[in-house]
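# An overview of the molecular structure
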Amino acid sequence: MRTAVVIGTGLVGTSAALALASRGIAVHLADHDPESARTAAALGAGTDEPAEGPVDLAIVAVPPAHTATVLAAAMRDGVARGYLDVASVKGGPRRELEAMGADLAPYIGTHPMAGKERSGPLAATADLFEGRPWVLTPTPDTDTEVLNLALELIALCRAVPVVMDADAHDRAVALVSHTPQLISSMVAARLEDADETAVRLCGQGIRDVTRIAASDPRMWVEILSANPGPVADVLAGVAADLDETVAALRGLQSADEDKRRAGTEGIQDVLRRGNAGRVRVPGKHGAGPAAYEVVAVLISDRPGELAAIFADAGRSGTNIEDVRIEHATGQQAGLVQLMVEPSAAPALAAALSERGWSIRQ
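Residues numbered from 1 in each chain as written. Predicted model: local features only at pLDDT ≥ 70, side-chain atom pairs only at ≥ 80, totals over all residues. Heavy atoms only, no water.

## Topic: helix α12 (residues 305–315)
The condition that has to hold: The rule is simple: take the accessible area with a 1.4 Å probe, protein chains only, and divide by the maximum for that residue type; under 20% is buried, over 50% is exposed, in between is partly exposed. Secondary structure follows DSSP: runs of H or I at least 4 residues long count as helices, runs of E at least 2 residues long count as strands, and numbering of each begins at the N terminus. By definition, the arc is the one covered by directions from the helix axis to the C-beta atoms. Pairs of residues are marked as contacts when any of their non-hydrogen atoms sit within 4.5 Å.
Among the residues of α12, Glu 305, Ile 309, Asp 312 and Ala 313 are the ones counted as buried. An end-on view of α12 places all buried positions within 100 degrees of arc, on one side of the element. Those residues of α12 that are exposed and aimed more than 90 degrees away from the buried face are Ala 307 and Arg 315. Those residues of α12 hidden inside the fold are in contact with β8 (293–300), β10 (333–340) and α13 (345–354). Looking at the residues trailing α12, positive phi occurs at Gly 317, about 80 degrees.

See below:
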């Protein structure tokens, strides 16, 4: 691949363009909003001037509702040797292309599993896809050349290729991406009219659950409109769990001992199933989840504190596997949770304590 055109200069399109441009690919940028393409070009993602002839690969990075239309137009105009899209839904656009009578041989559907709460070219980065799964949904009609171009794109973006059936992909993202977005938004919506006293008690748990609720509603309406059935199926299962959990909690309120026992069993069941599901979430570097020990350290909110604690942890010879920061309410301080192998935790705690850090149990 030597040349490419990116159609749609939002977060994903501009990030792909930045990655390609940084590796010497001549990238042309196009968008229905010329200002967006100019912004992406100013960031170093390529040029907003049209290509003089067909490029090697066209990357369509527009909302799912417009993906098939934009792809079909690009194919009719012969802008590239190969075409792919990066929409978050795969089955619908492919079927729309088929209905339009488009030749699917030079096309492959793809979906990089990466994003941010912010959208637009100014949120883009060349490393957005590094180490992230990038789904490919080839069909028996897909040209080998187009598949190879898609694999080259993924390699240049330093992502990890994953081959799936298009409809299986849509069911999977309904479970692991689209439904979590809605549930996060629903939980966050409970805070909108909550008493200020309650909101001030927000800790790391509510921050974790509601983080993605900050996403752009317009973008998510487009995504969910393209995958409503699979998402509704997952939510129906969640709704059944909610009904059972509500009934169990009501049972815990009862004066009847049998109802209280049934309520306890119901709550234990949903928590156990949650434990079992959480264990299946991939851990560091995509490996199985590991059980880490947490060394919690109180730090002040001032420049250099994090660098200092990491440096002292390094001097102790301990590898920090993961880290979290919980900020104190109303104080210029926070709790840094250093996650390490269980065998390394006592030595790290002792070493940090010797260097004057306040260790919290």
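That was the structure; now back to the text.
## Side note on unusual backbone geometry
Even without being a glycine, Arg 158 presents a positive backbone phi close to 60 degrees. Along the chain, Arg 158 falls in the loop between α5 (144–156) and β7 (160–163). Residue Arg 158 is classed as partly exposed on the basis of its relative accessible area of 49%.

## Things to note about the packing of helix α6 (residues 166–189) against helix α10 (residues 228–253)
Basically, it comes down to this: Angles run from 0 to 180 degrees between N-to-C directions of axes, and those axes are lines fitted to C-alpha atoms, restricted for helices to the stretch in contact. Angles below 35 degrees are treated as roughly parallel, those above 145 as roughly antiparallel, those between 65 and 115 as roughly perpendicular, and all remaining angles as oblique. Each crossing gets its handedness from the near helix: less than a right angle anticlockwise from the far helix is left-handed, clockwise is right-handed. Three residue categories are used. Nonpolar comprises Ala, Val, Leu, Ile, Met, Phe, Trp, Tyr, Cys and Pro, charged comprises Asp, Glu, Lys and Arg, and polar comprises the others, including Gly.
The N-to-C vectors of α6 and α10 enclose an angle of 60 degrees; their axes lie 8 Å apart at closest approach. Taken together, the axis directions place α6 and α10 in an arrangement best described as oblique. Handedness of the α6/α10 crossing: right-handed. Residues Asp 170, Arg 171, Ala 174, Leu 175, His 178, Thr 179, Leu 182, Ile 183 and Met 186 of α6 pack against Pro 230, Val 231, Val 234, Leu 235 and Val 238 of α10. Of the residues belonging to the contact of α6 with α10, the class tally is ten nonpolar, two polar and two charged.

## Quick notes on the pairing of strand β3 (residues 55–60)
What counts, and what does not: When DSSP finds two or more bridges between a pair of strands, those strands are recorded as paired. Consider the strands pointing away from the viewer: the crossover is right-handed when the path from the first strand over the helix to the second runs clockwise.
Extensive coverage of β3 is indicated by the burial of six of its six residues. Pairing geometry for strand β1 (residues 3–7) and β3, over four bridges, is parallel. From the neighbouring strand, Val 6 faces β3, where its bridge partner is Ile 59. As paired elements, β3 and strand β4 (residues 80–85) share five bridges and run parallel to each other. Counted as the bridge partner of Leu 57 is Gly 82 from β4. Between β3 and its parallel partner β4, the chain crosses via helix α3 (residues 64–77), and the hand of that crossover is right-handed.

## A closer look at the packing of helix α4 (residues 91–99) against α6
To characterise two packed helices, one gives the angle between the axes of the helices and the distance between these axes. Contact geometry of α4 with α6 gives a least axis separation of 8 Å together with a crossing angle of 145 degrees. Across from Gly 91, Gly 92, Arg 94 and Arg 95 in α4, the residues of α6 making contact are Ala 166, Asp 167 and Asp 170.

## Looking at the side chain of Arg 94
Applicable threshold: Under the counting rule used here, the positive set is Lys and Arg, the negative set is Asp and Glu, and His together with the chain ends is not counted. Salt bridges are identified by distance alone: a Lys or Arg side-chain nitrogen within 4 Å of an Asp or Glu carboxyl oxygen.
Relative to the helices and strands, Arg 94 is located in helix α4. Of the side chains with opposite charge, Asp 167 comes closest to the buried, unpaired Arg 94, at an N-O distance of 4.4 Å.

## Considering the environment of Leu 271
Of note, Leu 271 is situated in helix α11 (residues 257–279). For Leu 271, a relative accessible area of 54% puts it in the exposed group. Along the chain, Leu 271 and Arg 261 lie ten residues apart, while their C-alpha atoms are 16 Å from each other.

## Remarks on α4
All of the buried residues along α4 are Gly 91, Pro 93, Arg 94 and Leu 97. Packing partners of the buried residues in α4 comprise α3, β5 (107–112) and α6. Gly 101 lies just past α4 and shows a positive phi near 80 degrees.

## Section: the sheet that holds strand β9 (residues 322–327)
Spatially, four strands are ordered β9-β10-β8-β11 in an open sheet, and the strand pairing comes out antiparallel. At either end of the open sheet lies a strand with only one pairing partner, and these are β9 and β11 (358–360). Recorded for the sheet is a direction-independent mean angle of 30 degrees between the axes of neighbouring strands. In terms of strand pairing, β9 meets β10 through six bridges, oriented antiparallel. Within β10, the position partnered with Arg 324 by the bridge is Gln 337. Sheet strands in contact with α13 are β8, β10 and β11, and its direction is about 15 degrees off that of β8.

## A few points about a nonpolar patch on the surface
Condition: The patch calculation keeps residues exceeding 30% relative accessible area without a salt bridge and links them within 9 Å when they carry like charges or within 5 Å when they are nonpolar (Val, Leu, Ile, Met, Phe, Trp, Tyr). Working definition of accessibility: Shrake-Rupley area with a 1.4 Å probe, residue cover restricted to the visible protein chains.
Taken together, Leu 306, Phe 310 and Val 323 make up a surface patch of nonpolar side chains, about 210 Å² in accessible area. Along the chain, Phe 310 falls in helix α12.

## Notes on the pattern of salt bridges
Throughout the structure, instances matching the rule amount to 15 salt bridges. Residue Asp 167 is joined to Arg 95 by a salt bridge in which the shortest nitrogen-to-oxygen separation is 3.1 Å. Of this pair, Asp 167 sits in helix α6 while Arg 95 is found in helix α4, placing the two residues 72 residues apart along the sequence. Owing to a relative accessible area of 27%, Asp 167 belongs among the partly exposed residues under this scheme. Take Arg 95: its relative accessible area is 40%, and that puts it in the partly exposed class. A salt bridge links Arg 324 to Asp 208, with the nearest nitrogen and oxygen atoms 3.1 Å apart.

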